[in-house]
Amino acid sequence: MFKKRIPKDEEIKISIQSISDGHHHVTYKGVKAIRCPFDYLIYQMIICEVEPDLVIEIGTNIGGGALYIADLLDSLGKGIVHTIDIISQADPKVKEHKRIKFFTEGWDNYDLNLAKGFNKVLIIEDASHIYKDTLGVLNKFHGIVSVGSYFIIEDGIINELGLEKEYEGGPLKAIREFLPSYPEYIVDRKWCDMFGKNATFNVNGYLKKIK
């Protein structure tokens, strides 16, 4: 049996690098939103499942991610986003959204008391991706995540992209150190492996609080 030769203009070629290159061009409502498309879909499913009252996003950048999450909360008719960074460079469309509040003094200066009074809290860590920063975020914020909700650690994929040394071990090193001390968290393989084993930029990064 002979295999049909696929014309060059119909060939499918995909790699971690090609997805990484492409995700830098992703926008939401015209606003730059640097995130893997697999994870955008997963975020939508998680938010619809958890129905959080508060989403804390650490790492605003231009704000496309915050805008997307705020619109998802709009569809639920509840919830707000606290988005944290060290500078204010969000697109005007993001700044106008009624469900988004901005904090520009960094995650280490965020007052955890601001999360009091919310029943369901979900956290997304998308800051520098440097090991010590990711571990610092985990150690500071883990206690305010609600049982049944998630602490999402972004961009463990940097190891696969050969950038582990640049980020001092990156998010994956932080996750490996964090989990043994906090058995209330598990890596939720339902999300990490939805499209294949760790077919996500958040490698082993969907941490579910189970108790």
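Given the structure is predicted, the values throughout are model-derived calculations rather than measurements.

Q: What exactly am I supposed to notice about the environment of Ala199 here?
A: Checked against the element boundaries, Ala199 lands in the loop between helix H7 (189-192) and strand E9 (206-209). Each C-alpha atom of the pair Ala199 and Thr60 lies 24 Å from the other, and the pair is 139 residues apart in sequence. Not counting the four nearest positions on each side in its chain, Ala199 is found in contact with Phe38 and Cys192.

Q: Please clarify how the pattern of salt bridges should be interpreted in this entry.
A: A side chain of one charge can pair with a side chain of the opposite charge if their charged atoms are brought near each other. Within the structure shown, the criterion is met by 7 salt bridges. Residue Asp71 is joined to Lys29 by a salt bridge in which the shortest nitrogen-to-oxygen separation is 2.7 Å. One end of the pair, Asp71, is in helix H3 (residues 64-76); the other, Lys29, is in the loop between strand E1 (27-28) and strand E2 (31-32), with 42 residues separating them in the sequence. For Asp53, the salt bridge goes to Lys78, with nearest N and O atoms at 3.2 Å. With Asp53 in the loop between helix H2 (37-50) and strand E3 (54-58) and Lys78 in the loop between H3 and strand E4 (80-84), this pair connects stretches of sequence that are 25 residues apart. Via salt bridges that share partners, Arg35, Asp126 and Glu154 belong to a single interconnected network.

Q: I'm lost on the packing of aromatic side chains in this one. Help?
A: Given two aromatic rings, one states the distance between the centres and the angle between the planes to describe the pair. Summed over the entire model, instances satisfying the criterion amount to 9 aromatic pairs. Geometrically, the ring pair formed by Phe178 and Tyr182 is stacked, given 4.5 Å between the ring centres and 20° between the ring planes. One aromatic cluster in this structure is built from Phe151, Phe178, Tyr182 and Tyr185. The ring of Tyr131 has Lys173 lying over it, and the distance from NZ or CZ to the ring centre is 4.3 Å.

Q: Just checking my understanding: could you explain a nonpolar patch on the surface for this structure?
A: The grouping of Phe38, Leu41, Met194 and Phe195 at the surface amounts to a nonpolar patch, some 310 Å² of accessible area in total. Note that Leu41 resides in helix H2.

Q: What am I meant to see in the sheet that holds E4 here?
A: In any sheet, the strands associate via hydrogen bonds between backbone groups, in a parallel or an antiparallel arrangement. Strand order in the open sheet formed by 7 strands is E5-E4-E3-E6-E7-E9-E8, and the pairing between neighbours is mixed. In this open sheet, the two strands that pair with only one neighbour each are strand E5 (100-103) and strand E8 (185-187). Neighbour-to-neighbour, the strand axes of the sheet open up by a mean angle of 20°, direction not taken into account. Where helix H5 (residues 131-141) meets the sheet, its contacts fall on E3, E4, strand E6 (121-125), strand E7 (150-153) and E9, and the angle it forms with E7 comes to roughly 170°.

What counts and what doesn't
Residues numbered from 1 in each chain as written. Predicted model: local features only at pLDDT ≥ 70, side-chain atom pairs only at ≥ 80, totals over all residues. Heavy atoms only, no water. Helix = DSSP H or I, 4+ residues; strand = E, 2+ residues; numbered from the N terminus. Contact = heavy atoms within 4.5 Å. Salt bridge = Lys/Arg side-chain N within 4 Å of Asp/Glu carboxyl O. Phe/Tyr/Trp six-rings, centres within 6.5 Å; stacked < 30°, edge-to-face > 60°. Lys NZ or Arg CZ within 6 Å of the ring centre and 35° of its normal. Patch = residues over 30% accessible without salt bridge, like charges linked within 9 Å, V, L, I, M, F, W, Y side chains within 5 Å. Areas by Shrake-Rupley, 256 points an atom, 1.4 Å probe, with all protein chains shown as cover. Pairing = 2+ DSSP bridges. Axes fitted to C-alpha atoms, helices over the stretch in contact; angles between N-to-C directions.

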